[in-house]
Amino acid sequence: MTTIIAVANQKGGVGKTTTAINVGAYMAQLGKKTILIDMDAQCNASSGLGVPFETAPYTTYQLLTDEYPAAQMLQTTPMENFYVIPSHIDLAGAELELAAKPDREYILKRMLAPLQGQYDYILLDCPPSFGLITLNALTAADYVMIPLQCEYYALEGLTRLQNTIELVKANTNPQLYIGGIVFTQFNGRTNLSIQVVDEVKKYFPQVIYRSIIPRNVRLSEAPSHGLPINLYDPKSKGALAYYDLTEEVIARDENR
């Protein structure tokens, strides 16, 4: 059975794409056949894996608007077992095209159905907004992974996303749930980071991942080289944290 995870947060700059890339890379390293679908018109997940999305024959735009078979759109990455469907800037205008389609909320779910059982994981890197593209991702997903930056506005963004998830559950995907919240860009030397972690743990004690991603220069550098952190600097603090997180994600899924 294939597990589909939407990596989502309606607030930008929280480490969402970094988390999608590096969890996917470690899943592949641990022997899980994994696909990352870049659903953000900024194409950061694509460039972060060194995929030439500007010249890619097929992208997420074609997947959603032309409903081109997903299996034929997969592109290789620097890692074995890790594949990507890149995004394209045209995806920014796809909302208008999707609005006219029947059952527009279910397009991605329908397009991913033929991949079921052929891959272990499909990660959906969602845009930092709630529109038809994010709605498609949440409708197709088994659960949501929420990267949460350790900063003042974290709880506000989390509340908005929780409301969005409840809306999707009520209308298009009643089985959707929060699989886990992962703290990112954590700085243990600041009271703010510690306060954010403590506050979120009060409200969501059951879904917090134990692994916390530190603020780490090597994590910031890796995308410019088109590499996930396990290939760029596997001994860095950021790499070790994402390895631990990925093991935790897989263990939770296997115990469900």
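Just above, that's the structure.
## Things to note about the overall build of the chain
Moving on, step 1. Broken down by element type, the chain carries eleven helices and seven strands.
Moving on, step 2. The C-alpha radius of gyration of the chain comes to 17 Å, within 12% of the 18 Å expected for a compact globule of 256 residues.
Moving on, step 3. By principal-axis analysis of the C-alpha atoms, the chain measures approximately 50 × 40 × 35 Å.
Moving on, step 4. Burial analysis of the chain (256 residues in total) assigns 56% to the buried set.
Moving on, step 5. Considering only residue pairs separated by 6 or more positions, the chain has 79% of its internal contacts joining residues 24 or more positions apart.
Moving on, step 6. Accessible area of the chain: about 11300 Å², with a carbon and sulfur share of 50%.

## Remarks on a nonpolar patch on the surface
Moving on, step 1. A contiguous nonpolar surface patch, about 370 Å² in accessible area, is contributed by Tyr152, Tyr153 and Leu192.
Moving on, step 2. Structurally, Tyr152 can be placed in the loop between strand 6 (143-149) and helix 7 (154-171).
Moving on, step 3. On the accessibility criterion, Tyr152 (65% relative accessible area) is exposed.

## Topic: the packing of helix 1 (residues 16-29) against helix 11 (residues 237-255)
Moving on, step 1. Closest axis-to-axis distance for the helix 1/helix 11 pair is 9 Å, and the angle between their directions is 70°. Regarding the angle of helix 1 to helix 11, the classification is roughly perpendicular. As helix 1 packs across helix 11, the resulting crossing turns out to be right-handed. Listed contacts from helix 11 to Thr18, Thr19, Asn22, Val23, Tyr26, Met27 and Gln29 of helix 1 are Ala239, Tyr242, Tyr243, Leu245, Thr246, Val249 and Ile250.
Moving on, step 2. Here the contact of helix 1 with helix 11 is built from residues that sort into nine nonpolar, five polar and no charged.

## Section: the pairing of strand 7 (residues 177-184)
Moving on, step 1. Most of strand 7 sits inside the fold, with seven of its eight residues counted as buried.
Moving on, step 2. With seven bridges connecting them, strand 6 and strand 7 associate as parallel partners. Each residue of the ladder has a partner; that of Pro147, found in strand 7, is Val182.
Moving on, step 3. Between strand 6 and its parallel partner strand 7, the chain crosses via helix 7, and the hand of that crossover is right-handed.

## What to know about the pattern of salt bridges
Moving on, step 1. Tallied over the entire structure, the rule returns eight salt bridges.
Moving on, step 2. As a salt-bridge pair, Glu254 and Lys32 come within 3.4 Å of each other at their nearest N and O atoms. Residue Glu254 is found in helix 11, and its partner Lys32 is found in the loop between helix 1 and strand 2 (34-38); the two are separated by 222 residues along the sequence.
Moving on, step 3. A salt bridge links Glu67 to Arg110; the shortest N-O distance between them is 2.9 Å. Taken together, the positions of Glu67 in the loop between helix 3 (60-65) and strand 3 (75-76) and Arg110 in helix 5 (residues 107-112) put the pair 43 residues apart, joining distant regions of the chain.
Moving on, step 4. Judged by relative accessible area, Glu67 falls into the partly exposed class, the value being 28%.
Moving on, step 5. When salt bridges with common partners are traced through the structure, they connect Glu67, Lys101 and Arg110 into a single cluster.

## Description of the packing of aromatic side chains
Moving on, step 1. All chains considered together, the criterion is met by four aromatic pairs.
Moving on, step 2. Ring geometry for Tyr83 against Tyr119: centres 6.0 Å apart, planes inclined by 80°, an arrangement best described as edge-to-face. Here Tyr83, found in strand 4 (residues 82-85), pairs with Tyr119, found in the loop between helix 5 and strand 5 (121-125); they are 36 residues apart in sequence, far enough to count as distant.
Moving on, step 3. Of the residues examined, Tyr83 reaches a relative accessible area of 23% and is grouped as partly exposed.
Moving on, step 4. Over the ring of Tyr119 we find Lys33, and its NZ or CZ is 4.8 Å from the ring centre.

## Looking at helix 11
Moving on, step 1. Here helix 11 contains 19 residues, and its C-alpha end-to-end distance of 27 Å stays within 8% of the 27 Å for a straight helix at 1.5 Å per residue.
Moving on, step 2. Residues of helix 11 that are buried: Gly238, Ala239, Ala241, Tyr242, Leu245, Thr246, Glu248, Val249, Ile250, Arg252 and Asp253.

Cut-offs applied
Residues numbered from 1 in each chain as written. Predicted model: local features only at pLDDT ≥ 70, side-chain atom pairs only at ≥ 80, totals over all residues. Heavy atoms only, no water. Helix = DSSP H or I, 4+ residues; strand = E, 2+ residues; numbered from the N terminus. Rg over C-alpha atoms; globule rule 2.2 N^0.38 Å. Buried < 20%, exposed > 50% of the residue type's maximum accessible area, 1.4 Å probe, protein only. Contact = heavy atoms within 4.5 Å. Areas by Shrake-Rupley, 256 points an atom, 1.4 Å probe, with all protein chains shown as cover. Patch = residues over 30% accessible without salt bridge, like charges linked within 9 Å, V, L, I, M, F, W, Y side chains within 5 Å. Salt bridge = Lys/Arg side-chain N within 4 Å of Asp/Glu carboxyl O. Axes fitted to C-alpha atoms, helices over the stretch in contact; angles between N-to-C directions. Parallel < 35°, antiparallel > 145°, perpendicular 65-115°, else oblique. Left-handed = near helix turned anticlockwise from the far one by under 90°. Nonpolar A, V, L, I, M, F, W, Y, C, P; charged D, E, K, R; others polar. Pairing = 2+ DSSP bridges. Right-handed = clockwise from strand over helix to strand, strands pointing away. Phe/Tyr/Trp six-rings, centres within 6.5 Å; stacked < 30°, edge-to-face > 60°. Lys NZ or Arg CZ within 6 Å of the ring centre and 35° of its normal. Expected span 1.5 Å × (residues − 1).

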